[in-house]
Each structure stands twice: as C-alpha cells, then as structure tokens.
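Listed below, chain by chain, are the residues.
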Amino acid sequence: MAAVENIEPDHAELLRFISAGSVDDGKSTLIGRLLHDSKSIFEDQLSAVTKTSNKRGMEKIDLSLFTDGLQAEREQGITIDVAYRYFNTPKRKFIIADTPGHEQYTRNMVTGASTANLAIVLIDARKGVLTQSRRHAYLASLVGIPHLVVAINKMDLVGYSQEIFKQICAEFAVFLQGLGFRSIEYIPISALLGDMVVERGDNLDWYSGKPLLDYLESINIEHDINVLDFRFPVQWVCRPQTEEMHDFRGYTGRIESGTIRVGDAVTVLPSGLTSRIKEILLYNDSFETAFAPQSVILTIEDHLDISRGDMLINGGEPPQVTREFDAMLCWLSEQAFDPDRKYIIKHTTRIVKGLITRIDYRVDINTMHQEPVNILTMNDIARIGMKVQQPLVIDAYAKNRGTGCFILIDEVSNNTVAAGMICIRES
C-alpha cells in the first residue's frame, strides 16, 4: 500500500449553521437571501418561486419560499420542519438548518442544532429582545454550539437606527453572559432588502463589521473539534478472510475527537486492554496520521478481543467508564415518559438497555427557571439520572459532543423518544 504523510483535513471547509428566531423575524427570508445573492439557486427553483410569488400578487419574489419546503409551511407562512439547504462559495461549504420558531417545535430545533458549528439568532429590530430570543440562545448553548451570531433584522423598518441596534445589543449581551459561547457577533441586517447579508448595501455605513456571509466565510472553526482527547468508537470489525488478507483484522469507525499516529499506544475501553497502532488505512492507502472527524480503519499490533461498541482512546484526559450518569434530556416523543418502562440507549456505536432513575428538574425554556416534575412530555428539557445495564465510555457533552451525547429509544416501538447530553458528576 502507498504511504503518505497524513490525510488532508476537510472539516475546516464545511460550516454547519442554524437560523433561529421568533415567528416572522425573517429566518426563511434571510436564508433565501443568502442563497439568492450568493448565486446558489437553480434556475428551476427560481422560476417556481417567482411564479408562486406572482400568484400571490407580490412585486418581488418571496425569498422565504426557498426554504419553506412543506406545503403546510407555504400555506401558513411559517416554518414547521427543519429545512436543510446546501451552498458553496469559493471560500467555504455550508449546510444550513432553518429551524422552527414556535415553542412546540423545540425538539425540531434541538435536532437541527445538534451538529451545528454556529447559530444565527434573529431579532426583529422593531420588537427587540423577546422571550423567544432568549429561549433560542439558551437552546443553542445547551446543545453545545460554540459560535453565536445575533442578526438584528428589519433594520429598514426602524430607519437603520444605530441607536436601536446598540440598545438591543446591550440588552441581549446581559442575558448571554455565562451561556458559554466561544464567540458572539452582532450584525444589523435587512434580509428583505439585502443590506449587510451578502453585500454591504448603502444604508448601514455606521456599521464597521463584516456582512453576514463574509463573517460566515471567515470565522475560525478549526478549534470546534476536541483535538486533544483521541476517541475512536469501533463501528465494525473488518475480517475480509481472502487469500491476500486471510489474517487481516481491522477496526472501522469515525474518529470522534483527537489525533492518532502509527505507533501510538491505545487503550481499549471498557476492557482496559492496551496495544499500539500498526496501520491507519483508508480505501487502498495507508497513512501516518489521522484525526477527527475522519472515518478510517485502524489495525493494532496485538490480537485483542475488540468488538463493535468498544472505544479506542489515547492521551488527553481519560473518559469515564460507568453504568450511571447525569444528563440534560430533550424529550422528543409525543408519548410521555413512562417511569416503569426500560429504554434502549444508543451512545456512539454502543447500544445498551437502561432506565431513567430520577428527574431532578425541568427547565422552563421561556424563563430558564428549574421546575420539579415527575413526568416528561414532548419538547420538555430536563436534568435526569440514567442507569444502564452495561458500562458506557462517556465524556461530558460540553467537552466532547461526539462521546457526550446519546439517544433514547423505546424498546417496544423502536422510536427515538429523547436526545441526551451527558453531564459528568462532580467528585
């Protein structure tokens, strides 16, 4: 096999972000403006949206129709589902999740935000900071999104007032303290007219920052992945058993965090067995190094009992191997939590049975108050205790999103009922 120095990283080229805000704050219009002005709309899409806009008697095209893909959304003029859109610029690739603003669709927003690098929270300049604005910022923080853009929209309807912009920034900044974002940027925009979205426009000369797209293209996201703690959940044990590779045993999976090199010592958890990396393979090539979030095949020097669900680690702070842990849980199911029911927990590539042992509190996502409850219903977010039949290899979600999250599956229906973010208990 041909050897090269390393595998070129590609995670820095892709930015995943969500748009969130209250109803009619202009989320879908903003995404439509980004797609339209960056020349990322196909001609047939543009033609269809233009025809629909004309039928409604609009002088200009309704940009929100580029993202409100469901018929129910178009009829109601609101976003219900999470609409994913993809576009490229010469500097970066983007995946956008346009998430609902309604409180009853909290689960949709959590789903859309779970893999995002950045959240755009829109605020209507006429209305200022609302309860929903705080709720969406809190949810973005809860699911570990490191970067926040506060886009103060509809500046054209307040005369592009610098004073109003400053007042909203100052008020929201007080609430955002302590939410843990790595960076926060405030940008005044008019999604409808295009000011400070892709182009600067002519009406916001007093704002010295970058237009939104320029900011999205230039923000540094290389440090969003944990590069210190190597975590490799084994997805599959590869045994071709061909004449050429009769004794080959490789471990396939995605590197959730960290970096690995040929010759590095690794520990297999939960067993605690140790070995060293013999080869790093991808397709028909071997490499000296690999790093998150690449999917590779690893071989080791020793014959160990390793199977799907085990985890290879190296260096950094060790994870916990435990049958009990605490978590923040978002209940996704229309069927309420049943304390007598056992659930299946899927954590990385490991699937075990478990149960919720207690509910400490539910978070009122409008006031951020903690309320004592003994039941969870759809869209509830709560702090809970979990107990599982077999040990899991876990990190705190705040430190490692890949090994700090899990989903809860109903054992009978096989439906996903909740998504969890692990909180490591203080010793």
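For clarity, every value in this text was computed on a predicted model and none was experimentally measured.

What counts, and where the lines are drawn
Residues numbered from 1 in each chain as written. Predicted model: local features only at pLDDT ≥ 70, side-chain atom pairs only at ≥ 80, totals over all residues. Heavy atoms only, no water. Helix = DSSP H or I, 4+ residues; strand = E, 2+ residues; numbered from the N terminus. Buried < 20%, exposed > 50% of the residue type's maximum accessible area, 1.4 Å probe, protein only. Contact = heavy atoms within 4.5 Å. Areas by Shrake-Rupley, 256 points an atom, 1.4 Å probe, with all protein chains shown as cover. Pairing = 2+ DSSP bridges. Salt bridge = Lys/Arg side-chain N within 4 Å of Asp/Glu carboxyl O. Polar contact = N/O pair within 3.5 Å; in protein donor to acceptor, adjacent residues only side chain to side chain. Axes fitted to C-alpha atoms, helices over the stretch in contact; angles between N-to-C directions. Parallel < 35°, antiparallel > 145°, perpendicular 65-115°, else oblique. Left-handed = near helix turned anticlockwise from the far one by under 90°. Nonpolar A, V, L, I, M, F, W, Y, C, P; charged D, E, K, R; others polar.

Enquirer: Please clarify how the overall build of the protein should be interpreted in this entry.
Expert: Broken down by element type, the protein carries 7 helices and 24 strands. Within the protein, the proportion of its 427 residues that are buried is 52%. Looking at the protein alone, contacts between residues at least 24 apart form 71% of all its contacts between residues at least 6 apart. Summed over its atoms, the accessible surface of the protein is roughly 20100 Å², and 48% of this surface lies on carbon and sulfur atoms.

Enquirer: I'm lost on the pairing of strand β17 (residues 311-314) in this one. Help?
Expert: Each regular strand shows side chains that alternate between the opposite faces of the sheet. Residue alternation in β17 divides its side chains into two sets, Met 311 and Ile 313 and Leu 312 and Asn 314, and both sets are buried. The pairing of strand β8 (residues 230-233) with β17 spans 4 bridges and is antiparallel. If you follow Pro 233 over to β17, its bridge partner there is Met 311.

Enquirer: Which parts of the structure should I look at to understand the pattern of salt bridges?
Expert: Pairs can form between side chains of opposite charge once their charged atoms are near each other. Counted by the stated rule, this structure contains 17 salt bridges. Here Asp 124 and Arg 126 are joined by a salt bridge, their closest N and O atoms 2.8 Å apart. Look at Arg 126 and you get partly exposed, because its relative accessible area is 46%. Put simply, Arg 134 and Glu 171 hold a salt bridge, and the shortest N to O gap is 3.4 Å. Note that Arg 134 is positioned in helix α5 (residues 131-142) and Glu 171 in helix α6 (residues 162-176), a separation of 37 residues in sequence. Taking relative accessible area as the criterion, Arg 134 reaches 25% and is therefore assigned partly exposed. Three or more residues joined by partner-sharing salt bridges are found here, namely Asp 326, Arg 358, Asp 360 and Arg 383.

Enquirer: Is there a simple way to explain the environment of Arg 276 in this structure?
Expert: Tracing the backbone shows Arg 276 in strand β13 (residues 273-282). For Arg 276, a relative accessible area of 41% gives the class partly exposed. Aside from chain neighbours lying at most four places away, what touches Arg 276 is Gly 263, Asp 264, Ala 265, Val 266, Thr 299, Ile 300, Glu 301 and Asp 302. Among the polar contacts made by the side chain of Arg 276, one reaches the main-chain carbonyl oxygen of Gly 263 at a distance of 2.8 Å.

Enquirer: I keep staring at the packing of helix α4 (residues 106-113) against α5 and nothing clicks. Help me out?
Expert: The description of two packed helices rests on the angle between their axes and on the distance between the axes. Between α4 and α5, the least distance of the axes is 10 Å, while the angle of their chain directions is 45°. One element, α4, and the other, α5, form an angle in the oblique class. When the axes of α4 and α5 are compared, the crossing they make is right-handed. Counting all contacts with α4, which are made through Thr 106, Met 109 and Val 110, the residues of α5 involved are Arg 135, His 136, Leu 139 and Ala 140. Of the residues in the contact of α4 with α5, the class split is 4 nonpolar, 2 polar and 1 charged.

Enquirer: So what exactly am I meant to see when it comes to the pairing of strand β18 (residues 320-331) here?
Expert: Sheet topology note: the β18/strand β22 (residues 381-394) ladder contains 10 bridges and is antiparallel. In the sheet register, Val 321 faces β22, and the bridge partner there is Val 393. In terms of strand pairing, β18 meets strand β24 (residues 416-423) through 6 bridges, oriented antiparallel. Across the sheet, Leu 329 pairs through a bridge with Gly 420, a residue of β24.

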